[in-house]
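Okay, here's what each chain looks like letter by letter:
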Amino acid sequence: NAGVTQTPKFQVLKTGQSMTLQCAQDMNHEYMSWYRQDPGMGLRLIHYSVGAGITDQGEVPNGYNVSRSTTEDFPLRLLSAAPSQTSVYFCASTWSGELFFGEGSRLTVL
Amino acid sequence: AQSVTQLDSHVSVSEGTPVLLRCNYSSSYSPSLFWYVQHPNKGLQLLLKYTSAATLVKGINGFEAEFKKSETSFHLTKPSAHMSDAAEYFCVVSDQPSGTYKYIFGTGTRLKVLA
């Protein structure tokens, strides 16, 4: 049982480049979310989805897009990367109030 | 509005001694409270959760936490620390008034276990 799978694990971008962080889950959970983790700040919610075709903004959505075409997949797109987006990104699915996390994607923007 | 405060950013204990990681919360509704653990370069794993049942909650690896409404606290304890407990711990509060899961994370407590 793979759970929540994120790719890539590491990525280096130049300012202005775009990229997509992939997230897939095999637990048939309706609710999925993306967080960023920065030192001393805990995890902050970027976007979330309550099911296929439905997404909404979290606490820090600027500079990011999401879509949810299937229950399994919830990609996060960086439209024009900025150094402030250097962070560790976590995808999570939720079932019965519990968050199930991927192992994270470490992004560096130069 | 929800908020959560972890009172210590770093805690050091000797192996075999008790662990106490402190968390205070603020919530407009009846909250759900969680503790998650993150080992280096890993995702977060649920240690335990409180969802308005018993106020003393037992989790994995010998950890437990007590929900104290009068003190708005949800401190995490373990009687005897093990080297493998060295990690970062996050206290999380969730209100679900509309059925939508919204989680607020504390800033984390890094636990160091000394041999």
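Residues numbered from 1 in each chain as written. Chains lettered and ligands numbered in written order. Predicted model: local features only at pLDDT ≥ 70, side-chain atom pairs only at ≥ 80, totals over all residues. Heavy atoms only, no water.

We now examine the overall build of chain B. Secondary structure assignment for chain B yields 0 helices and 12 strands. Helices and strands in chain B line up, N terminus first, as β-β-β-β-β-β-β-β-β-β-β-β. Expressed as lengths along the three principal axes of its C-alpha atoms, the size of chain B is roughly 45 × 30 × 20 Å. The long-range share in chain B, meaning contacts at least 24 apart out of those at least 6 apart in sequence, stands at 57%. Charge-centre separation for chain B: the mean point of 10 positive side chains lies 5 Å from the mean point of 8 negative side chains. (Helix = DSSP H or I, 4+ residues; strand = E, 2+ residues; numbered from the N terminus. Contact = heavy atoms within 4.5 Å. Lys, Arg positive; Asp, Glu negative; His and termini not counted. Charge placed at Lys NZ, Arg CZ, Asp CG, Glu CD.)

It is worth spelling out the overall build of chain A at this point. On a plain count of helices and strands, chain A comes out with 0 helices and 11 strands. Listing the helices and strands of chain A from first to last along the sequence gives β-β-β-β-β-β-β-β-β-β-β. Residue pairs in contact within chain A that sit at least 24 positions apart in sequence constitute 51% of those at least 6 positions apart. Charged side chains of chain A number 7 positive and 9 negative; the gap between the two group centres comes to 12 Å.

All right, on to the sheet that holds strand β1 (residues 4-7) of chain A then. Residues and elements named next belong to chain A. Overall, antiparallel pairing links the 4 strands, which are arranged β1-β3-β8-β7 in an open sheet. Of all the strands in the sheet, just β1 and β7 (64-66) have a single pairing partner and so form its edges. In this sheet, adjacent strand axes meet at a mean angle of 20° when their direction is disregarded. Where strand β3 (residues 19-25) meets strand β8 (residues 76-78), 3 bridges bridge the pair, whose relative direction is antiparallel. Bridge pairing links Thr20 to Arg77 in β8. (Pairing = 2+ DSSP bridges. Axes fitted to C-alpha atoms, helices over the stretch in contact; angles between N-to-C directions.)

Within this structure, the stated rule accounts for 13 aromatic pairs over all chains. Between Tyr35 of chain A and Phe101 of chain A the ring centres are 6.2 Å apart and the planes differ by 50°, which places this aromatic pair in the tilted class. Here Tyr35 of chain A, found in strand β4 (residues 31-37), pairs with Phe101 of chain A, found in strand β10 (residues 98-101); they are 66 residues apart in sequence, far enough to count as distant. For the residue pair Tyr35 of chain A and Phe101 of chain A, the accessibility class agrees, reading buried in each case. Between Tyr35 of chain A and Phe105 of chain B the ring centres are 5.3 Å apart and the planes differ by 70°, which places this aromatic pair in the edge-to-face class. With Tyr35 of chain A in strand β4 and Phe105 of chain B in strand β11 (residues 102-105), this pair bridges two chains. Among the aromatic residues, ring-to-ring pairing joins Tyr35, Phe90 and Phe101 of chain A together with Phe34, Tyr36, Tyr103 and Phe105 of chain B into one connected group. Lying over the aromatic face of Phe74 of chain A, Arg68 of chain A brings its terminal NZ or CZ to 5.9 Å of the ring centre. (Phe/Tyr/Trp six-rings, centres within 6.5 Å; stacked < 30°, edge-to-face > 60°. Buried < 20%, exposed > 50% of the residue type's maximum accessible area, 1.4 Å probe, protein only. Lys NZ or Arg CZ within 6 Å of the ring centre and 35° of its normal.)

This paragraph deals with the nonpolar core. With 26 residues, the main nonpolar core has Trp35, Leu48, Phe74, Leu76 and Tyr89 of chain B as its most contacted residues. Top contributing element to this core by residue count: strand β10 (residues 87-95) of chain B, with 4 residues. Counting 19 residues, the second largest nonpolar core, distinct from the first, contains Met19, Cys23, Ala81 and Cys91 of chain A. (Core = buried A, V, L, I, M, F, W, Y, C linked by side-chain atoms within 4.5 Å.)

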